[in-house]
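# Observations on the three-dimensional arrangement
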Amino acid sequence: MALSTALIFALKQVAPAVSLAVVYIPGILLVSTLWGARLGIATSLACALAFNFFHLPPVGRLEISDSRNLVALATFMIVAVAASSLAQLARARAEEAELRRAEADLASAVARLLLTTDLRGALPVAAQRVAATLGVLSAAITLDGAELDHGGRRAFALGDAGVLLLPADLAPGLEQRVREHIAPMLAATVAVGLQHEALIAESVENASLRRSDVIKTTLLRTVSHDLRTPLTSIVAAGDALRLDGLSADERDELGRLVVAEGRRLGRLIDELLDLSRLEAGAATPRRARCSLEEILSTALDGRPDADQVRLGIDSDLPELDVDGAQLERAFANLIDNGVRHSDGRPVLVRARVVGRALVVRVVDQGPGIPAAEFERIFEPFYRAANGKRTTGTGLGLAIARGFVEANGGTISVESVPGQGTSFVVSLPTDVPATIASR
């Protein structure tokens, strides 16, 4: 106002004073735009008084001697007030547009959080975005309606999806904004997130059921073939034993056949039981301190082909805190797999400490496994397509991996087709190695 008043003194040399009231308009518009219509109108009145006092005759007095000057002053007031109101309206619309943009950004960010990640894990991050958008110190989104009055915070219901908790000292305008815009948006997004989570859970359950159906179908196929074969042999040998005229050697051979097929049938049943326990997550290890030598000795005990297995174990290996029976079964399966594919050649079992792990390698001299099948060979009932026909059920490696991992270890395979296969078992140990020998 002071600058405009001073400027009019300079402009009176080129224009009548009564026509220079427009010099005040830019300042009035600036005040109205930055600080609102109330201060803009007050500035208009102050400018009218200053214009009258300094530039309209009689100068230096708040009087108007000429009616034309009165009309000019009244016109100035009308224009100034109208300009202030329009500036305030434009300012309000700009603020409203900015609020809607911020709410749209918030809705987009919350939707990305709640629809692409774990819903409950994303709620705290979404609440932080809400607090930043509203300019409050804290916010929380909960799916538990029982927390409506938790901590004295103000609660806004999100339909049936939960509640939004904000500080109790919200400004009235901000509270209305939350009720009319933020809460409905969050309610819709959280509801969609819950539905999305339910659909994912249903999808996972359906996939699990399909996988279970595949396993059951494969199991039935295995039962129809691998169980029927030893049963047929046992029944046939039993019928033959009832015949007259059999020599002692023939009866002895039939007896050995019954025993061998019975053991084969028992191993298959044990494998099916082990697999079912692993699939059900019921293979909890019973840990105890035991040595690797004891585990491998038990795995080889009673095997007719034990002389085909060569052990190379470092001295002073640390004891393991594991389920010895489970690891014995795992190594027995690995050794059995190696013997089956080695065509009578030796199978090497080597063990040494590497860092804080005890590493065991079961190395055969079979046809090898293609790299594309390294993971598939650990799937139940899968048999590697290496051109060699075996009598295995395809369960041994799956059971071995399950028992090794249940005891905190890992199992992997290294193989070059035509040069044999090495299964690498790494088991955690509390004692670090000082020297890693080969």
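One can find the structure itself at the top, above this paragraph.
Description of the structure in this document. Note that the coordinates shown come from a computational prediction; the quantities given were computed from them, not determined experimentally.

Basis of the calculations
Residues numbered from 1 in each chain as written. Predicted model: local features only at pLDDT ≥ 70, side-chain atom pairs only at ≥ 80, totals over all residues. Heavy atoms only, no water. Helix = DSSP H or I, 4+ residues; strand = E, 2+ residues; numbered from the N terminus. Contact = heavy atoms within 4.5 Å. Areas by Shrake-Rupley, 256 points an atom, 1.4 Å probe, with all protein chains shown as cover. Core = buried A, V, L, I, M, F, W, Y, C linked by side-chain atoms within 4.5 Å. Buried < 20%, exposed > 50% of the residue type's maximum accessible area, 1.4 Å probe, protein only. Axes fitted to C-alpha atoms, helices over the stretch in contact; angles between N-to-C directions. Parallel < 35°, antiparallel > 145°, perpendicular 65-115°, else oblique. Left-handed = near helix turned anticlockwise from the far one by under 90°. Nonpolar A, V, L, I, M, F, W, Y, C, P; charged D, E, K, R; others polar. Pairing = 2+ DSSP bridges. Arc of directions from axis to C-beta.

The next subject is the overall build of the protein chain. Broken down by element type, the protein chain carries ten helices and ten strands. Of the contacts formed within the protein chain by residues at least 6 apart in sequence, a portion of 65% connects residues at least 24 apart. Of the roughly 24,400 Å² of accessible surface on the protein chain, 58% is carried by carbon and sulfur atoms.

Next up on the list: the nonpolar core. One recurring pattern in soluble globular proteins is that nonpolar side chains are buried together. With 43 residues, the main nonpolar core has Leu292, Phe331, Leu334, Val360, Ile377, Phe423 and Val425 as its most contacted residues. With seven residues, helix H9 (residues 324-341) is the single largest residue contributor to this core. When near neighbours in sequence (up to four residues on either side) are disregarded, Val425 contacts Phe331, Leu334, Leu358, Val359, Val360, Val404, Thr410 and Ile411. The next biggest cluster of nonpolar side chains, apart from the first, holds 28 residues, and it includes Leu119, Ala139, Met185 and Leu186.

So, about the packing of helix H8 (residues 292-300) against H9. Two elements in contact, H8 and H9, have axes separated by 8 Å at closest approach and are oriented at 55°. As summarised for this structure, H8 and H9 are arranged oblique, according to the angle between their axes. The handedness of the crossing between H8 and H9 is right-handed. For the pair formed by H8 and H9, the contact residues are Leu292, Ile295, Leu296, Thr298, Ala299 and Leu300 on the first element and Gly324, Leu327, Glu328, Phe331, Ala332 and Ile335 on the second. Taken together, the residues that form the contact of H8 with H9 break down as nine nonpolar, two polar and one charged.

Let us now look at the side chain of Asn333. Assignment of secondary structure puts Asn333 in helix H9. Setting aside residues no more than four positions away along its own chain, Asn333 makes contact with Glu271, Gly396, Ile399 and Ala400.

Let's shift gears to unusual backbone geometry. Most of the time, phi is negative for any residue but glycine, and the peptide bond is trans. One non-glycine residue, Asp316, adopts positive backbone phi at about 60°. With respect to the secondary-structure elements, Asp316 resides in the loop between strand E5 (309-313) and strand E6 (320-322). Classification of Asp316 by relative accessible area gives exposed; the value is 74%. Of note, the phi angle at Asp343 is positive, near 55°, even though the residue is not glycine. In this structure, Asp343 sits in the loop between H9 and strand E7 (347-354). Look at Asp343 and you get exposed, because its relative accessible area is 52%.

With respect to topology, five strands assemble into an open sheet ordered E5-E7-E8-E10-E9, the strand pairing being mixed. Only two strands of the sheet have a single partner each, and these edge strands are E5 and strand E9 (410-415). On average, each strand axis in the sheet is inclined to that of its neighbour by 15°, with strand direction left out of account. Pairing geometry for E9 and strand E10 (residues 421-428), over six bridges, is antiparallel. Its bridge partner lying in E10, Ile411 is registered against Val425. Of the strands in this sheet, E5, E7 and strand E8 (357-364) touch H8, which is tilted by about 180° from E5. Contacts from H9 reach E5, E7, E8, E9 and E10 within the one sheet, and its direction differs from that of E10 by about 170°.

A few words on the pairing of E9. Of the two faces of E9, only one is covered, namely that formed by Ile411, Val413 and Ser415; the face formed by Thr410, Ser412 and Glu414 stays uncovered. Linkage of E9 to E10, two consecutive antiparallel strands, is achieved through a turn of five residues, within which Gly418 is found at a positive phi near 90°.

If you trace the three strands from one edge of the open sheet to the other, you get E1-E3-E2, paired in antiparallel fashion. Of all the strands in the sheet, the pair left with one neighbour each is strand E1 (140-142) and strand E2 (154-157). Sheet twist, expressed as the mean angle between neighbouring strand axes with direction ignored, is 25°. Alignment of E1 against strand E3 (residues 163-166), held across three bridges, turns out to be antiparallel. Counterpart to Ile141 in the pairing with E3 is Leu164. Each of E1 and E3 is contacted by helix H5 (residues 119-134), which is oriented at about 140° to E1, the strand it contacts most.

Mapped onto the elements of the fold, Arg350 is located in strand E7. Residue Arg350 is classed as partly exposed on the basis of its relative accessible area, which comes to 43%. The spacing of Arg350 and Val363 is 13 residues in sequence and 8.2 Å in space, taken between C-alpha atoms.

So, on to H8. Along H8, the residues classified as buried are Leu292, Ile295, Leu296, Ala299 and Leu300. Looking straight down H8, one finds its buried side chains confined to an arc of 130°; they lie on one side. In this structure, the buried side of H8 is in contact with strand E4 (288-290), E5, E6, H9, E7 and E8. In the segment just after H8, Gly302 is the residue with positive phi, at about 85°.

Any functional reading would require information that these geometric values do not contain.
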